[in-house]
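Tertiary structure, described
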Amino acid sequence: MEYIQIKGSPKPVSRLMKGSDYFYHDAYEKASANLDAFLAIGGNSIDTAHIYCGGQSEEVIGRYMLERGNREQLVILTKGAHHNQDGPRVSREAIRQDLADSLKRLQTDYIDLYALHRDDPSVPAGEVIDILNEHVQSGAVRAIGVSNWTWQRIKEANEYAAAKGLVGFSFSSPNLSLAKANEPFWSGCVSADEETCAWHEEQQFPLLSWSSQARGFFTGRFSPEVRDNADLVRVFYSDDNWERLERAKQLAAEKNVSAIQIALAYVLNQPFPTCALIGAQSAEELHSCDAGSLIQLTKAEMDWLDLATQKV
């Protein structure tokens, strides 16, 4: 397992991050077994959020850490301030309440990586930095970041933090995958485009990708004729993405791996620090991700997969 460093967190962060949006109390044994297997391959970082499974995801992780006595071995990424039926919730009170809930559910006194789950562009970026620094100073949060914010907003926030001598954002978690999104998955979601990736490369700013394997687009289960998954059709079905799939298959055959492993390797071979959030729920899926995370791709191969060139 490879690791990256994220400013503010003293622990190294495994480049595979275990997704937990299926962690329910009535499936605790499955969740705990999945986490045990993930730790066995060297993983240590877990992705969760205040809204996942109605709060059960964080509670299951909290129970697991208490039973295993392994809180200090783990890097917990959790997210708050997701909008609700009334609209955006990027405010001092919403952040305070969501963070308090998360700490209680996780049965811990600090969060390694705390991110705002959505943005509200009407709130000045500097104001958000001021709010989050209160929780950094209290010790409740070690590193702060964002999910589904544009790079321009992150830049604005970090320029404010630098000018004021405050802690800035040290990671971002948008979608990044070999298949490019036609439109947002859900309202307020952000996918990393070419401009975003260029900024991350310039800044060497860590990116933690959700839907890093394009929600199964590269598994071989989908084709232009298979249209039973409306969300996948809406977000990923395009001529360019079918071409990317064909190229991933071709490169996979040359390297004796699978197309979905090539898709994972694409995320982890970016010219800036990246982690991939994975949804592996079986030993087979986990070992596929583990092997895929170690595949090295050249710049020429990356460009070819990205349709920037005709052949490697």
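Read on for a plain summary of the structure. (Residues numbered from 1 in each chain as written. Predicted model: local features only at pLDDT ≥ 70, side-chain atom pairs only at ≥ 80, totals over all residues. Heavy atoms only, no water.)

1. Looking at the overall build of the protein
The secondary structure content of the protein amounts to 11 helices and 10 strands. Taken over C-alpha atoms, the radius of gyration comes to 19 Å for the protein, in line with the 20 Å a tight globule of 312 residues would show. In terms of its C-alpha atoms, the protein occupies a principal-axis envelope of roughly 50 × 45 × 35 Å. In the protein, buried positions account for 56% of the 312 residues. (Helix = DSSP H or I, 4+ residues; strand = E, 2+ residues; numbered from the N terminus. Rg over C-alpha atoms; globule rule 2.2 N^0.38 Å. Buried < 20%, exposed > 50% of the residue type's maximum accessible area, 1.4 Å probe, protein only.)

2. What about the pattern of salt bridges?
Taken as a whole and judged by the stated rule, the model has 20 salt bridges. Residue Arg15 pairs with Glu2 through a salt bridge whose shortest N-O separation is 3.1 Å. Placement of the pair is Arg15 in the loop between strand S2 (13-14) and strand S3 (16-19) and Glu2 in the segment before strand S1 (3-4), with a sequence separation of 13 residues. Here Glu301 makes a salt bridge to Lys255, at a shortest N to O gap of 3.2 Å. Of this pair, Glu301 sits in helix H11 (residues 299-305) while Lys255 sits in helix H8 (residues 239-255), and the two are 46 residues apart along the sequence. Three or more residues are tied together by salt bridges with common partners; here these are Asp36, Arg63, Glu67 and Arg68. (Salt bridge = Lys/Arg side-chain N within 4 Å of Asp/Glu carboxyl O.)

3. Here we look at the state of the cysteines
In this structure the tally under the stated criterion is 0 disulfides. Looking at the unpaired Cys197, the closest cysteine sulfur is the one in Cys275, lying at 15 Å. The exposure class of Cys197 is buried, given its relative accessible area of 14%. Looking at Cys289, it has no disulfide partner, and the nearest cysteine sulfur is the one in Cys275, 13 Å off. On the basis of relative accessibility, which here comes to 5%, the residue Cys289 falls in the buried class. (Disulfide = S-S within 2.5 Å.)

4. Considering the packing of aromatic side chains
Inspection of every chain in the model, using the stated rule, returns 13 aromatic pairs. Measuring from centroid to centroid gives 4.9 Å for Phe185 and Trp210, while their planes differ by 70°, and the two rings are edge-to-face. Note that Phe185 is positioned in the loop between strand S8 (172-173) and helix H6 (194-203) and Trp210 in the loop between strand S9 (207-209) and helix H7 (230-236), a separation of 25 residues in sequence. Here Phe185 falls in the buried class, since its relative accessible area comes to 6%. Ring geometry for Phe217 versus Phe218: centroids 5.2 Å apart, planes at 80°, classification edge-to-face. Just as Phe217 is buried, Phe218 falls in that class too. Stacked on the ring of Tyr110, the Lys or Arg Arg71 has its end atom at 4.2 Å from the ring centre. The cationic tip of Arg153 hangs over the ring face of Trp149; the distance from NZ or CZ to the ring centre is 4.8 Å. (Phe/Tyr/Trp six-rings, centres within 6.5 Å; stacked < 30°, edge-to-face > 60°. Lys NZ or Arg CZ within 6 Å of the ring centre and 35° of its normal.)

5. Let's talk about the side chain of Gln213
Considering the arrangement of structural elements, one finds Gln213 in the loop between S9 and H7. Residues within four places of Gln213 in sequence aside, it is in contact with Phe218, Ile260, Leu264, Ile278 and Cys289. (Contact = heavy atoms within 4.5 Å.)

6. A closer look at the side chain of Arg89
By the secondary structure assignment, Arg89 is in the loop between strand S5 (75-80) and helix H3 (92-106). Within the structure, the side chain of Arg89 is placed 2.9 Å from the backbone oxygen of His82, a separation counted as a polar contact. Of the polar contacts made by the side chain of Arg89, one reaches the side chain of Asp98; its length is 2.9 Å. (Polar contact = N/O pair within 3.5 Å; in protein donor to acceptor, adjacent residues only side chain to side chain.)

7. Notes on the environment of Leu132
Along the chain, Leu132 falls in helix H4 (residues 125-138). Along the sequence, Leu132 and Gly168 sit 36 residues apart, while their C-alpha atoms lie 9.0 Å from each other. The contacts of Leu132, once residues within four sequence positions are left out, are Ile95, Tyr114, Leu116, Ile144 and Phe169.

8. Structural notes on the environment of Arg92
Along the chain, Arg92 turns up in helix H3. When its relative accessible area of 42% is taken as the criterion, Arg92 is described as partly exposed. The spatial distance from the C-alpha of Arg92 to the C-alpha of Ser57 is 24 Å, given a sequence separation of 35 residues. Ignoring anything within four residues of it in the chain, the contact list for Arg92 reads Ile131 and Glu134. For Arg92, the side chain forms a polar contact with the side chain of Glu134, separated by 2.6 Å.

9. A short note on the packing of helix H9 (residues 259-268) against helix H10 (residues 283-292)
Two elements in contact, H9 and H10, have axes separated by 8 Å at closest approach and are oriented at 50°. Taken together, the axis directions place H9 and H10 in an arrangement best described as oblique. H10 is crossed by H9, and the crossing has right-handed handedness. Counted together, Ile260, Gln261, Leu264 and Ala265 of H9 and Ser288, Cys289, Ala291 and Gly292 of H10 form the full contact between these two elements. Among the residues making up the contact of H9 with H10, the classes are represented as 5 nonpolar, 3 polar and no charged. (Axes fitted to C-alpha atoms, helices over the stretch in contact; angles between N-to-C directions. Parallel < 35°, antiparallel > 145°, perpendicular 65-115°, else oblique. Left-handed = near helix turned anticlockwise from the far one by under 90°. Nonpolar A, V, L, I, M, F, W, Y, C, P; charged D, E, K, R; others polar.)

10. Describing unusual backbone geometry
Of note in this structure, Gln107 is not a glycine but carries a positive phi near 55°. With respect to the helices and strands, Gln107 occurs in the loop between H3 and strand S6 (111-116).

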